[in-house]
Number of protein chains: 2
Amino acid sequence: MTLFGLEESVIVGLARGVHPGGDESERDAPADVFARAAWTGIAEPGDGVAGLLVGSLGASVALTAVLETWTPERLAVTVRESGVAGEELESELEQGLQRWRPRLSSAEVIHSLQQAARVSARLLLPSDPLWPASLDDLGLHAPIALWWRGDPAAFHALPHAVALVGARAATGYGEHVAMEAAAGLVDRGFAIVSGAAYGIDGMAHRAALASEGITLAFLAGGVDRHYPTGHDALISRIAEVGAVVSELPCGAAPTKWRFLQRNRLIAAAGAATVVVEAGWRSGSLNTAGHAAALGRPLGAVPGPVTSPASAGCHRLIREFDAVCVTTAAEMAELAGEGVWALDRIEAEGAAGGTDSRTSEEIRVLDALSRRSPRPVPDIARRAGMSTAAVLGALGALDLDGVVSERETGWVSIGRGT
Amino acid sequence: MTLFGLEESVIVGLARGVHPGGDESERDAPADVFARAAWTGIAEPGDGVAGLLVGSLGASVALTAVLETWTPERLAVTVRESGVAGEELESELEQGLQRWRPRLSSAEVIHSLQQAARVSARLLLPSDPLWPASLDDLGLHAPIALWWRGDPAAFHALPHAVALVGARAATGYGEHVAMEAAAGLVDRGFAIVSGAAYGIDGMAHRAALASEGITLAFLAGGVDRHYPTGHDALISRIAEVGAVVSELPCGAAPTKWRFLQRNRLIAAAGAATVVVEAGWRSGSLNTAGHAAALGRPLGAVPGPVTSPASAGCHRLIREFDAVCVTTAAEMAELAGEGVWALDRIEAEGAAGGTDSRTSEEIRVLDALSRRSPRPVPDIARRAGMSTAAVLGALGALDLDGVVSERETGWVSIGRGT
């Protein structure tokens, strides 16, 4: 067993560091643990082709195939042999290989595993009893593995968890409602899931902690990077008594794309999602869109119609059939019954905050700097995209005047980064 | 042609006073005008048996039948001959006769007609081109006639009117929203219908007047009685440039029952009903229930969940599928499209403010005084009910401890009247 040319003993050591085996977890072969850990750094969150490949071949065979530069045709044949059908399979795998290969680096994998061991971050695999079964509803877009710090009990609470999300720019009203909601839900035996952001997220976590409840924070970067930095102490506290979770390896930076993908985990993890306060184009409408697309109960808290900070909540109630929830009791009812399902919503429609950019454009913008010009292969590696896709996105962004080519590569312009 | 033993010339004179004929209205025979005017004082608003009788026999034949003390059997035969079926017809007519006969008084009819002529109140009949066709959706419970003061143009505006209703105990927030809504709707060419009460109603009328829009006030008593008295100047102003409307004759006092029945007219008259601010048990939920039962678009304005004054609006959105409306534009959309219909609502469920009392108990309580004991026949006449029904209601109310029998009759106790 070798991967990246590493000896078996090295792989076992690294895997044990982040996935310490009791009897239960010994069944996960160290090579599989190591390979899934590597995949969390190679594929961007929500990469359905990576999910397909890992699901059909197993993580280590899939990784070997990428490492050994199999042709897309050979890879497609092997995937088809495992029973998967798909007309576009060759072309999807070819694009996948172009996304993943620029990121293949044993040094980075080893570094992130060592960093994980250093901060006591652990790796959770889908085969683990702790794995949140609710995430499997994401299908091919489910995480390949989760990194986490905290108390394992937090995962057991997820089937009775409510996701409380909302605007970073919350008002006093919104923060008050978030606090009352979190405390009231904890009193009723629910855990609180959120994203550790400023505003509503932070207040929901804090109130859950103050009520001695269980709370989980899903981060858009590595669990060793406490973002936002102003919530360093809060996230540390959640990692002590609850859980801090990410599908990205240690060291990974949060990007706009990763925030949007992280939102799907928040929506999928809990039994219901409640948007406490959100402006007309708040990013939390994206979380709401994921919840609706998954058929999860979705609630929104109304507020004064004179407050722009509640306009997104009213929009969810008006346009997306979100249930109007005004008390913790009504939120508990929403989560407890879970009979509500929404078919007609299109996740696209609720994907506020992404403006009119395509996914690839967002990811390329994330990978650019305003100061340091970056060559296309570097951008491709950072964005987890093929060079062809990067060039296409750069062309569109160039027309919009938000990127510019310098002698040594591309920079972003006109953004407030 | 005689009614109440009055000469034809007297009847023609009285009818012309309140229903001045142009060519259009000359087709209404004076006896029919007079009889419908009399019926507005004999039957309580919403009396479906009176509606059936007047609809099938015509107002003057129906009145003659009551005056000449036809037996219920004879009346039922005549009604059946006009094509109406109904198993309970005899018993319903018998109870109707018992309700109406205590109120037959030529002196009262003449007095209310003279008072109407004095204050320039006019009578509007269903055959009149001005008659609001929307009220016909009330079926047998439609008004037999309407009394009104104001500008005939106001009635032409009703197909493009929005009813803005809400709590008397409105907050500054609710009044602000009512003002913005009324002004914005007027700007979009809508008329404003409301009930002239304190709080939301008054603010909606005032803002419509300030925007030089058309506004109509539906009253629970006679159009000569400006209730509440604190809105005397406002109602006078509405009667100058808009219209003040009631289905009760001049001199009639507003009662709780009449407020509830008046609400059905507000809900039926406009193209949509919007509840601006309402507590959990606000009487405006009753108006909303009527709108829903009629299939009229129903909107509710959300507010802070921390404000009890908005709890009724949130309840309408949560439980009765009211559309969440936050701007005048959204209210206009609600009224303009009118595609929304609600079947599952039960008017009963939304009939807040009636507590657990039956209709008859409410009407008997309305007819009682806290100070002056009233004998049962007097109560029956005031309530427009049969003595048997009054005795039944008094029995139930007595058990609840809210009425008490004195030597000379019954009084109400423990109410804040």
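Quick caveat: nothing in here was measured; it's all calculated off a predicted structure. Residue numbers restart at each chain and count upward from 1, following the sequence in its written direction. Whichever chain is written first becomes A and whichever ligand is written first becomes 1, with later ones labelled in order. Only residues with pLDDT of 70 or above have their local features reported here, since the model is predicted, and side-chain atom pairs are shown and tallied only from 80 upward, although totals for entire chains, interfaces and linings are computed over all residues. As a rule here, side-chain values come from all non-hydrogen atoms in the structure, and water together with hydrogens is ignored.

Asker: What is the right way to look at the environment of Asp32 of chain A in this model?
Answerer: All names here are of chain A. In this fold, Asp32 is placed in helix H2 (residues 30–42). For the pair Asp32 and Val193, spaced 161 residues apart in sequence, the C-alpha to C-alpha distance is 29 Å. The contact criterion used is simple: two residues touch if any of their non-hydrogen atoms lie within 4.5 Å. With sequence-adjacent residues up to four places away left out, Asp32 is seen in contact with Ala59, Ser60 and Leu125. Only runs of H or I of at least four residues qualify as helices and only runs of E of at least two qualify as strands under DSSP, and these elements are numbered from the N terminus.

Asker: Got a minute to help me understand the UniProt feature "domain: Smf/DprA SLOG" (unreviewed entry) in chain A in this structure?
Answerer: UniProt's feature table lists "domain: Smf/DprA SLOG" (unreviewed entry) at residues 123–333 of chain A, given in the numbering used throughout. From the first C-alpha to the last, residues 123–333 of chain A spans 33 Å; its make-up is 38% helix and 17% strand. UniProt positions are given in the numbering used here, feature names are shortened, and annotations may be inferred rather than shown by experiment.

Asker: Just to check I follow, could you spell out the sheet that holds strand S8 (residues 298–300) of chain A for this structure?
Answerer: Think of a sheet as strands paired side by side through backbone hydrogen bonds, with each pair either parallel or antiparallel. Residue and element names in this part refer to chain A. We call two strands paired when DSSP finds no fewer than two bridges between them. The sheet built from nine strands is open, its strands ordered S1-S2-S6-S5-S4-S3-S7-S8-S9 with mixed pairing. If you trace the sheet from one side to the other, it starts and ends with strand S1 (122–124) and strand S9 (323–324), each paired once. In this description, a line fitted to the C-alpha atoms serves as the axis of each element, helices being fitted only across the stretch in contact, and the angle between N-to-C directions of two axes falls anywhere from 0 to 180 degrees. Strands in contact with helix H13 (residues 284–293) are strand S3 (161–166), strand S7 (272–277) and S8; relative to S7, the strand with the most contacts, it is inclined by about 155 degrees.

Asker: Teacher, can you tell me more about the domain arrangement of chain A here?
Answerer: Where interface size is quoted, it is often the accessible area lost as the parts come together. All names here are of chain A. For chain A, the assigned domains read domain 1 (8–114), domain 2 (151–350) and domain 3 (359–412). An automatic or database domain assignment supplies the residue ranges for each domain. For domain 1 and domain 3, the distance between their C-alpha centres works out to 26 Å. Between domain 1 and domain 3, the contact holds seven residues from the first and seven residues from the second. Accessible area that two parts lose when put together, evaluated with a 1.4 Å probe and summed over both, is termed the buried area. Together, the buried faces of domain 1 and domain 3 total about 630 Å²; carbon and sulfur atoms form 50% of this surface. Contact with domain 3 buries area across many residues of domain 1, yet Arg99, Pro102 and Arg103 alone supply 58% of it, more than any other trio. We define a salt bridge as a contact between a side-chain nitrogen of Lys or Arg and a carboxyl oxygen of Asp or Glu at a distance within 4 Å. Summed over the shared surface of domain 1 and domain 3, the result is one salt bridge.

Asker: Which parts of the structure should I look at to understand the pairing of strand S11 (residues 409–412) of chain A?
Answerer: The side chains of a regular strand alternate, residue by residue, between the two faces of the sheet. All names here are of chain A. In this structure, strand S10 (residues 403–406) lies alongside S11, joined through four bridges in antiparallel fashion. Residue pairing for S11: Glu405 is matched across the bridge by Trp410. Connecting S10 to the next strand, S11, in antiparallel fashion are two residues.

Asker: Could you clarify how one ought to interpret the sheet that holds strand S5 (residues 215–218) of chain B in this entry?
Answerer: All names here are of chain B. Spatially, the nine strands line up as an open sheet ordered S1-S2-S6-S5-S4-S3-S7-S8-S9, and their pairing is mixed. Of all the strands in the sheet, just strand S1 (122–124) and strand S9 (323–324) have a single pairing partner and so form its edges. Helix H12 (residues 256–269) rests against strand S2 (146–150), strand S3 (161–165), strand S4 (191–194), S5 and strand S7 (272–275) of the sheet, and its axis sits at about 155 degrees to S5.

Asker: Please clarify how the packing of aromatic side chains should be interpreted in this entry.
Answerer: For any pair of aromatic rings, geometry is given as the distance between the ring centres together with the angle between the planes. Residue and element names in this part refer to chain B. Side-chain rings of Phe, Tyr and Trp (the six-membered ring for Trp) are treated as a pair once their centres are within 6.5 Å; stacked means planes under 30 degrees apart, edge-to-face means over 60, and tilted covers the remaining angles. In the structure shown here, the tally under the stated rule is eight aromatic pairs over all chains. Here Phe4 and Phe34 contribute two aromatic rings whose centre-to-centre distance is 6.3 Å and whose plane-to-plane angle is 75 degrees, an arrangement assigned as edge-to-face. With Phe4 in the segment before helix H1 (8–18) and Phe34 in helix H2 (residues 30–42), this residue pair connects regions lying 30 residues apart in the sequence. With respect to class, Phe4 is no different from Phe34; both count as buried. Ring geometry for Tyr227 against Phe259: centres 5.8 Å apart, planes inclined by 55 degrees, an arrangement best described as tilted. Here Tyr227 is found in the loop between S5 and helix H11 (232–241), whereas its partner Phe259 is found in helix H12, with 32 residues between them in sequence. Here Tyr227 falls in the partly exposed class, since its relative accessible area comes to 44%. Residue burial is assigned from relative accessible area. The probe radius is 1.4 Å, only protein chains are included, and a residue is buried under 20% of its type maximum, exposed over 50%, and partly exposed in between.

Asker: Just checking my understanding: could you explain the nonpolar core for this structure?
Answerer: Side chains that are nonpolar tend, in soluble globular proteins, to be buried together. In plain words, nonpolar cores are sets of buried Ala, Val, Leu, Ile, Met, Phe, Trp, Tyr and Cys residues tied together by side-chain atoms within 4.5 Å. With 80 residues, the main nonpolar core has Leu216 and Leu316 of chain A together with Leu216 and Leu316 of chain B as its most contacted residues. When sequence neighbours within four positions are dropped, the list of residues in contact with Leu216 of chain B reads Ala154, Leu158, Ala191, Ile192, Val193, Ser194, His205, Ala243 and Val245 of chain B.

Asker: Please explain the pattern of salt bridges as it appears in this structure.
Answerer: When the charged atoms of two side chains lie near each other, side chains of opposite charge can form a pair. Counted according to the given criterion, the structure contains 28 salt bridges over all chains. Between Glu333 of chain B and Arg318 of chain A there is a salt bridge, with the nearest N and O atoms lying 3.5 Å from each other. Residue Glu333 of chain B is found in helix H15 (residues 328–337), and its partner Arg318 of chain A is found in helix H14 (residues 311–319); the two belong to separate chains. Its relative accessible area of 39% is what places Glu333 of chain B among the partly exposed residues. You can call Arg318 of chain A partly exposed: its relative accessible area is 23%. Taking the shortest distance from any N to any O, the salt bridge between Arg99 of chain B and Asp47 of chain B comes out at 3.0 Å. Here Asp47 of chain B lies in the loop between H2 and helix H3 (48–57) and Arg99 of chain B lies in helix H6 (residues 89–100), a separation of 52 residues in the sequence. The same class applies to Arg99 of chain B as to Asp47 of chain B, namely buried. Each of Glu108, Asp378, Arg381 and Arg382 of chain A takes part in salt bridges that share partners, so that together they form one network.

Asker: I'm lost on the interface of chain B and chain A in this one. Help?
Answerer: At the interface, 18 residues of chain B touch 18 residues of chain A. Regarding the contact of chain B and chain A, the summed buried area is about 1,400 Å², with carbon and sulfur atoms giving 68% of it. Taken as a group, Val305, Arg318 and Cys324 of chain B account for 42% of the area that chain B buries against chain A, more than any other trio of residues on that side. Across the contact surface, chain B and chain A share four salt bridges. Pairing of N or O atoms within 3.5 Å defines a polar contact, subject to two protein rules: one partner must be a possible hydrogen donor and the other a possible acceptor, and residues neighboring in sequence count only if both atoms are side-chain atoms. Here chain B is connected to chain A by eight residue pairs in polar contact (both at pLDDT 80 or more). Secondary-structure elements contributing two or more residues to the side of chain B that touches chain A are helix H9 (172–187), helix H14 (311–319), S9 and H15 of chain B. The residue makeup of the side of chain B that touches chain A, split by class, is 10 nonpolar, five polar and three charged. Three residue categories are used. Nonpolar comprises Ala, Val, Leu, Ile, Met, Phe, Trp, Tyr, Cys and Pro, charged comprises Asp, Glu, Lys and Arg, and polar comprises the others, including Gly.

Asker: Would you mind going over the environment of Val411 of chain A with me for this structure?
Answerer: Residues and elements named next belong to chain A. As for its position among the elements, Val411 is in strand S11. Sequence-wise, Val411 and Gly13 are 398 residues apart; in three dimensions their C-alpha atoms are separated by 40 Å. Aside from chain neighbours lying at most four places away, what touches Val411 is Leu368, Ser369, Arg370, Arg371, Ser372, Pro373, Val403, Ser404 and Arg406.

Asker: Help me understand the packing of helix H18 (residues 376–383) of chain B against helix H19 (residues 387–399) of chain B, please; the structure alone is not making it clear to me.
Answerer: All names here are of chain B. Close contact between H18 and H19 brings their axes to 9 Å; oriented N to C, the two are set at 100 degrees. One way to sum up the angle between H18 and H19 is to call them roughly perpendicular. Each of Val376, Pro377, Ile379 and Ala380 in H18 lies in contact with H19, whose residues at this interface are Thr387, Val390, Leu391 and Leu394. Its residues assigned to classes, the contact of H18 with H19 comprises seven nonpolar, one polar and no charged. Any angle between 65 and 115 degrees counts as roughly perpendicular, while under 35 counts as roughly parallel, over 145 as roughly antiparallel, and the rest as oblique.

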